Amino acid sequence: MKKRWIALLLAAVMTLSLAACGGDNQPDTPAENTPTDNSPAAPSEGDKTPDTPKETVTLQMWGGVQGEYGYDALVEDFNKEFADKGVQIEYTRYVNNADGNLQLDTYLSAGSDIDIFMCYGGTTRYYNRVDAGLCLDLTDELASRGFDPAEELGATNVAPYAIDGRFYAMPTKTDNKAWMMVNADMFQEAGIDLPLEGWTYAEFADACQKLTKGEGLDKTYAVRFCFADTKDYLRAGMGSPLGINSIYKDGAAETNFDSDIWKNGVQLLVDMVDAGYAYGWDDEVADDISFANSFLEGKCAMSLGVANIRVARDLETYPHDFQTALVPFPMPDESYMDRADHGIMSDAGDLIVVNSKTKYPQECIDFIVWYIQGGMAPLASGGRIPLWSGFDKSSIVDAVNEGTTDAIPGGAFNADSLKAYLSIGTGFDESILVTDKDAEIETIFDEELQAIMYGQKTVEQGLSDMKSRSDALLK
């Protein structure tokens, strides 16, 4: 790994060809002053008039989302609005995976001309970048602009990103991993109402039976649990009934994996796979099952992965003629229905960060404030829901369905389900307990869940091992 890092670093220094900040756009040449006998001499270089054009600063921004999913329009909006202020922005997409993030870190460490970048993956990658000195402290400059992160974005949303009371990034979008995507047409054909106000494990299992059809290559599964994808969705859905104690008990000195909530949740997964209603973990891996080649091709009726909103509305790349709806992950039983919207799981992400080595910190922070306070509106059409408290979320329904109504009556997404999804995530004074061992415990969760789903351990043994291994890290 060390050799690979050095090689990448040398390659970056030798071949880096990003556009230089502020060097591309030269000021217009002023009209030549030809003095007459009675006219004053032309001003010297040190006596230029205030009307002399200002050199344009061009900020370089890197993000992990394709430009056509809103960033192209965002750049156009900003450049039009800030043209008279001498500031422009250019956007470069990097691939948000291990290699792509290594490339970004290499360029940042080499002192490249990246000014602003988006950071994904929760707090772990963010903390590492702050420790490496790659992120500019935004705290004082935001305050000088009257921008209060807690007021603008919600106290619980920004709290995980404060380091010793200082902010080196701002979260910009909200989503809820405990909600699912469902084929609304299949639900209607099976006589199942969309459970927008919540449903139980028993009701979910009954729906899975009705939605599963066919055999072999012609089989339509009821659900894809994303076993081979991120397990964040499963942790959010199954752990939500425990509220802030989803993973940890009070005090965060031990995990909650011995709770019946986790036992019943994992048992539901096992039962749905064993009954043939859901893809197994091995099936997802062996057949490379994805959201696109399963759900969007009509081969399953439900899928976790609410982050795929932008993919589901991209009818040109992924043509389909059914309407998608968003519904909450089911609850164990009726006694938990007051938490059925999974509001505690509403998450703030897509951190916007300024490179600590930027030559234009003031312009970068001006851009961040503009971005958060409405500038990122075009991203809503790509499924990135703005976090800002002042954003008119009612407009998101139209934005998400924009350009899709000709192909799908009513649009790509069921409007009522979008409204239900957008109504959650407010009013929480506390956030889920976290520790500095989160990433390691998530890895343990994944390993033990895989052992259970592959039949190598029982539900009870797998959860017991999950708890003992995790608790040992907390001691």
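Now for a look at the structure at hand. This one's a predicted model, so the numbers in the text were calculated from it and none came from an experiment.

So, about the packing of helix H2 (residues 71–81) against helix H15 (residues 361–375). Running from N to C, H2 and H15 cross one another at 115 degrees; their axes reach a closest spacing of 12 Å. Between H2 and H15 lies a crossing whose hand is right-handed. Taken together, the residues of H15 that come into contact with H2 (itself represented by Tyr-71, Leu-74, Asp-77, Phe-78 and Glu-81) are Phe-367, Trp-370, Tyr-371 and Gly-375. Tallied by class, residues from the contact of H2 with H15 come to six nonpolar, one polar and two charged.

With that out of the way, let us pick up the nonpolar core. Within the largest apolar cluster, 88 residues are counted, with the highest numbers of intra-cluster contacts made by Met-61, Phe-367 and Tyr-371. If we ignore the near neighbours within four places in the chain, the residues touching Met-61 are Tyr-71, Ile-89, Glu-90, Tyr-91, Thr-92, Ile-116, Met-118, Ile-352, Phe-367 and Tyr-371. Core analysis: the next-biggest nonpolar cluster, separate from the first, contains 52 residues, Trp-199, Ala-252, Leu-268 and Ala-325 among them.

Moving on to the environment of Gly-237. Considering the arrangement of structural elements, one finds Gly-237 in helix H10 (residues 232–239). When its relative accessible area of 0% is taken as the criterion, Gly-237 is described as buried. Sequence separation of Gly-237 and Lys-177 is 60 residues, and the distance between their C-alpha atoms is 7.2 Å. What Gly-237 contacts, discounting residues up to four positions off in sequence, is Ala-178, Phe-329 and His-342.

A separate point is the sheet that holds strand S7 (residues 179–183). The strand order across the open sheet formed by four strands is S8-S9-S7-S10, and the pairing between neighbours is mixed. Each edge of the sheet is formed by a strand with only one pairing partner; in this case those strands are strand S8 (221–224) and strand S10 (324–328). The average angle at which neighbouring strand axes cross in this sheet is 20 degrees, direction not considered. Inspection of the sheet shows S8 paired to strand S9 (residues 300–304) by three bridges, in the parallel sense. Bridge pairing in S9 links Val-223 to Met-302. In the packing of helix H17 (residues 415–422) onto the sheet, contacts are made with S7 and S10, and the angle to S10 comes to roughly 35 degrees.

The next subject is the packing of aromatic side chains. Think of a pair of aromatic rings as described by two things: how far the centres are apart, and how the planes are tilted against each other in angle. Scanning all chains against the criterion turns up 26 aromatic pairs. Plain terms: the ring middles of Phe-187 and Trp-199 are 6.3 Å apart, the flat faces sit at 55 degrees to each other, and that makes the pair tilted. Of this pair, Phe-187 sits in helix H8 (residues 184–189) while Trp-199 is found in the loop between H8 and helix H9 (201–211), placing the two residues twelve residues apart along the sequence. Among the aromatic residues, those joined into a ring-pair cluster are Tyr-71, Phe-78, Phe-82, Tyr-91, Phe-367, Trp-370 and Tyr-371. Over the face of the ring belonging to Phe-82 we find Lys-85, whose NZ or CZ atom lies 4.4 Å from the ring centre.

This brings us to H9. Each α-helix winds once per 3.6 residues, and so residues spaced three or four apart point in a common direction. Residues of H9 that are buried include every one of Tyr-201, Phe-204, Ala-207, Cys-208 and Leu-211, and no others. Around the axis of H9, the buried residues are gathered within 120 degrees of arc, so they sit on the same side. The elements touched by buried residues of H9 are S7, H8, S8, H10, helix H11 (260–274) and S9.

Rules and cut-offs
- Residues numbered from 1 in each chain as written.
- Predicted model: local features only at pLDDT ≥ 70, side-chain atom pairs only at ≥ 80, totals over all residues.
- Heavy atoms only, no water.
- Axes fitted to C-alpha atoms, helices over the stretch in contact; angles between N-to-C directions.
- Helix = DSSP H or I, 4+ residues; strand = E, 2+ residues; numbered from the N terminus.
- Left-handed = near helix turned anticlockwise from the far one by under 90°.
- Contact = heavy atoms within 4.5 Å.
- Nonpolar A, V, L, I, M, F, W, Y, C, P; charged D, E, K, R; others polar.
- Core = buried A, V, L, I, M, F, W, Y, C linked by side-chain atoms within 4.5 Å.
- Buried < 20%, exposed > 50% of the residue type's maximum accessible area, 1.4 Å probe, protein only.
- Pairing = 2+ DSSP bridges.
- Phe/Tyr/Trp six-rings, centres within 6.5 Å; stacked < 30°, edge-to-face > 60°.
- Lys NZ or Arg CZ within 6 Å of the ring centre and 35° of its normal.
- Arc of directions from axis to C-beta.

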